[in-house]
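# Observations on the model geometry
Given next are the chains, with one letter for each unit.
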Amino acid sequence: MSARRSGQDAVRGPDKVEDPYPGEGNTFNGHLLTNNYITHYGELNPGDASGIELMNTGHNTVSHSHVKHSARYGISLEVRPEVALKDNYARGNTFEHLRIDEAGLDSGDMGAFYTYGVNNVEPYPMDNHVRQMVIGDVIPDESMPDSGTRGIHMDAGGCGFTFADIEVGKTTDQSYQSYQCNDVKNANWEDGYDASRMEYDKIGVTAGFPYPLPDGDTQ
């Protein structure tokens, strides 16, 4: 795995940012994870594999990254639903100019982009944002016995998100699964999708990425 990270604090790859235990205070936030290439992870622990995982943390930006070949998730934002509202800090996160390929290879009931327990209380303010994201095929290995794979899975409490300019390739279930608590604009699973709005040249790692990419990967 080759990865370059930029932000307040160093994190290990696959990249994981986790706020302290609920009640200890919102003290670990405001990170920038950008220009990362993350591949081939989760073989030893497929049930919890995520290339970039944010846990109960807010005001982070994940951008210009390519996450590939995952046993389960590509990118995830999670909070436990039993966490009290005052201790739920997963607000103000931005995910943009991202590419995820070959996710869900060894697990089902998942999404290449996945959230859980982020916002469990109405009226669900739209304060987490996803834009300019391309998800390739989410097709598991034939030996995978679990249920279907999805492009985006907004699991229980996956509310309060805006999505704009999103593409999802083939899945074994749905491109997008969510409760009616998010705002979606210009996604290719909806009528009226306009591909000309996609900023393909900015999605994935930038020209400044310092390491050679594998053959066939241009971003």
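Being a predicted model, the structure only gives us computed values, none of them experimental. (Residues numbered from 1 in each chain as written. Predicted model: local features only at pLDDT ≥ 70, side-chain atom pairs only at ≥ 80, totals over all residues. Heavy atoms only, no water.)

### What to know about the sheet that holds strand S4 (residues 50–55)
The sheet built from six strands is open, its strands ordered S1-S4-S6-S8-S10-S12 with parallel pairing. Here the strands that pair on one side only, and so sit at the sheet edges, are strand S1 (15–18) and strand S12 (176–177). Relative to S12, strand S10 (residues 149–154) runs parallel, the two being bridged by two bridges. By the bridge assignment, Ile 152 is partnered in S12 with Tyr 176. (Pairing = 2+ DSSP bridges. Helix = DSSP H or I, 4+ residues; strand = E, 2+ residues; numbered from the N terminus.)

### What about the environment of Asp 101?
Within the fold, Asp 101 resides in strand S7 (residues 94–101). Since its relative accessible area comes to 13%, Asp 101 is described here as buried. When the C-alpha positions of Asp 101 and Lys 68 are compared, they lie 4.7 Å apart, and in sequence the two are 33 residues distant. Discounting residues that sit within four places of it in the chain, Asp 101 has contacts with His 66, Val 67, Lys 68, His 69 and Gly 136. (Buried < 20%, exposed > 50% of the residue type's maximum accessible area, 1.4 Å probe, protein only. Contact = heavy atoms within 4.5 Å.)

### Considering the pairing of S7
Across the eight residues of S7, seven count as buried, placing the element largely inside the fold. Sheet topology note: the strand S5 (residues 61–70)/S7 ladder contains seven bridges and is parallel. In the strand pairing of S7, Val 67 is matched with Ile 100. Relative to strand S9 (residues 128–135), S7 is paired through six bridges, and the arrangement is parallel. Pairing of Ile 100 across the sheet is with Ile 135, part of S9.

### Quick word on the confidence of the model for the protein
In low-pLDDT segments, the atomic positions of the prediction should not be examined closely. Within the protein, residue pLDDT values average 90, and 93% of them lie at 70 or more. Segment residues 1–13 is flagged for pLDDT under 50; beyond a separation of four residues in sequence, or across chains, it makes 36 contacts in the model. (pLDDT = per-residue confidence, 0-100.)

### Observations concerning unusual backbone geometry
Following Glu 122, the chain continues into Pro 123 via a peptide bond in cis, with omega recorded as 15°. A positive phi angle is found at His 64, which is not glycine, with a value near 45°. Looking at the element boundaries, His 64 is found in strand S5.

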